[in-house]
Amino acid sequence: MRKLVLMMALLSLLPLEGIAESAEEKGLAIAIEADRRDLGWQDSETSMKMILRNRQGETSERQIRSRTLEVTGDGDKSLIIFDHPADVKNTAFLSYTHAIRPDDQWLYLPALKRVKRIASANKSGPFMGSEFAYEDISSQEVKKFSYKWLRDEAIDGEEAFVVERVPQYEHSGYTKQHAWIDKEHYRVLRVDYFDRKGALLKTLTASDYHQYLEKYWRAHRMDMQNHLNGKNTTLLFSDYEFQNGLSERDFDRNSLKRIR
Amino acid sequence: MNRLCLSVVTSVCAASWAISSWALDWKVSGFLSAQFQGFFDEPLNPVQSNSDFSAAIQPEFYTQWNAGTDSFTFTPFARIDQRDDQRSHYDIRELNWLHVGSDWELRAGVGIVFWGVTESQHLVDIINQTDVVEDIDGEEKLGQPMINLSLIRRWGTLDLFVLPGFRERTFPGRKGRPRISPPVNVAMPVFESGAEEKHVDFALRWSEVFGDWDVGLSHFHGTSRDPLLALDTSDPAFPSLIPIYDQIDQTGLDVQLTHNSWLWKLEAIRRAGQGDSFIAAVGGFEYTFYGMFDGATDVGLLAEYNYDERPIETRSPFENDVFGGLRFTLNDAQSSEALVGCIFDLDSASRFCNVEASRRLGARWVASLELRTFSSVPALDPFFTLRRDDYVQFELAYYF
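Presented here is an overview of the structure given in this document.

Here is what the cut-offs are and how they apply
Residues numbered from 1 in each chain as written. Chains lettered and ligands numbered in written order. Predicted model: local features only at pLDDT ≥ 70, side-chain atom pairs only at ≥ 80, totals over all residues. Heavy atoms only, no water. Buried < 20%, exposed > 50% of the residue type's maximum accessible area, 1.4 Å probe, protein only. Helix = DSSP H or I, 4+ residues; strand = E, 2+ residues; numbered from the N terminus. Pairing = 2+ DSSP bridges.

1. So, the pairing of strand β9 (residues 176-182) of chain A
Residue and element names in this part refer to chain A.
- Of all 7 residues that make up β9, 6 are buried, and the element is covered over most of its length.
- As defined by bridge partners, strand β8 (residues 158-167) adjoins β9 across 6 bridges and the pair is classed as antiparallel. Bridging across to β9, Ala160 finds its partner in Asp182.

2. Digging into unusual backbone geometry
- His84 of chain A connects to Pro85 of chain A through a cis peptide bond whose omega is 5°.
- Within the secondary structure layout, Pro85 of chain A lies in the loop between β3 (77-84) and β4 (92-96).
- Following Arg177 of chain B, the chain continues to Pro178 of chain B via a peptide bond in cis, the omega torsion being -10°.
- Following the sequence through the fold, Pro178 of chain B ends up in the loop between β7 (156-164) and β8 (190-191).
- Phi angles above zero are rare outside glycine, and Gln243 of chain A is one such case at about 50°.
- Residue placement: Gln243 of chain A occurs in the loop between β13 (232-242) and α4 (253-258).
- Of note, the phi angle at Asn260 of chain B is positive, near 50°, even though the residue is not glycine.

3. Examining the sheet that holds strand β11 (residues 228-232) of chain B
Residue and element names in this part refer to chain B.
- Across the sheet, which stays open at both edges, the 3 strands sit in the order β8-β12-β11 with mixed pairing between neighbours. In this open sheet, the two edge strands, each paired with only one partner strand, are β8 and β11.
- Bridge count for β11 against strand β12 (residues 240-245) is 5 bridges, and the pairing is antiparallel. By the bridge assignment for β12, Leu229 is matched with Pro243.

4. Examining the pairing of β3 of chain A
All names here are of chain A.
- Across the 8 residues that make up β3, a large majority, 7, are buried.
- As defined by bridge partners, strand β2 (residues 59-69) adjoins β3 across 7 bridges and the pair is classed as antiparallel. Across the sheet, residue Arg65 finds its bridge partner in β3, namely Ile81.
- As paired elements, β3 and β4 share 5 bridges and run antiparallel to each other. When the bridges of β4 are listed, Ser78 appears paired with Ser95.

Okay, here's the thing in structure tokens:
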């Protein structure tokens, strides 16, 4: 009995972090749990309407469709088909995403029937002239960031973790991101993006979440506000479908040329 | 179009009628465009003019069935030109059926296929004939009758082509501009093969991706798309050039290395059957600076070296030339972009410069501008007779 008391006394002398979770460990654990809850959907298809607004409030619209193949152990494969504006109709974008090394990307130009391998160093570049950067729409792998739990905070009445994410991949336009992840379903509700100077650049708000296959949550609306240039982009998702039996063949360079 | 071509067209039309009778859902898209070309100098020949208007249409009819494993595409094209009756022309760019199998695809009918990676010229690209009257940049192609089997395997993609029927290159007529001089007499082609334009050509291409490397290796056996031009002075008042289409064997290699902001590109061919066999190559890089100026504009720096082994009488304009260019991509809502480039001949100091810019207006209109100039061209250069044909082109296109 005395020995036990002694051991407990000794244990209590150890630094607190030795036993309790550090903020970094807690941040990583949240990311791993969010990733775990989104495993197993296999493949998905969705339609997107993109509404671009400039500072004067003028809008222009794009209509695209996307297909994604879940790849375990690496980033997902995705194919994006452009439907509108009409001059870019049948243009398609194929991307094999990776956690740390650069993504492999090909663009199909229908006017020339040309498949062009493109550099993926433009992660911070605008996707289709919108306020979404390529890295914002790329598959979110755990390894892409280092994490740190900052605090718990309610957002729109939902209890959430606020986690700092620091990109570990090259060519990111961000020094860090602050993500609000709800405690009940581990869905990203909001992300603040900080630019290379550390200033708040953009805020993403994800809303209108729907659950698919009784498991996977998908936002049907995403709003990206750029605080620097005053522009914003709304993405509206519809017609989500899962497990349509898509395979690697639906994501090769031949499929890029014929996809409609 | 030749008879063989027509028979393919007829049979595919019959198939399309059969398909349409199943009440399939057709998707119609395409464009209508109006174009103006203005020339800065007086023409070499007084029958040519300093300005030209034309209009073009290219609708596409597409349908698919069997859950997308079968599809049918029909893309006719037509242009009507104010002055040049050779430039007023129509073509069937695509009229084909595509079937997609588990590790293969079969395309039959008229189609367009692009091979290659470089920007200053497209050496390896050989399946389709160039529609020169559309644009002298060589990127507009005539539809080619074909049966194309694609095998998609672990060791890469192998494309096999049977090409029944040959398309002759289009050339501007006597009144057309820009054009080489004397004009090409397209009514008098000379074929090496007795089958003439009915010769059946064959081609294959293997392509694969190895990490950052995209590699293609191809071979073509058949009628050269790129004719030699022989001077015909049988009518001394109206000399002309006669296109000679030889039977050739051409092996091609295209490689691109994509690394960070760099694209390293190489195309090389070896052609036999058109005089002495020869090697030609083009290689270089494109480096992109991302997020310049306002933070969204990308600026690409392009440089390519062009080599051609042929003797001066038969050589292409690219025998020892350097291409340098800048590509601006604004990444704005209007998809504004511009490419400015010049090809410098290292032997003669002649220079061909090209500006291409375009911008979307509203949701359905695109305005584009092209400027082409030919400078200090020596008499032996293939561009010599284009020396007074510097021009600017405005185009407004409506997409539906």
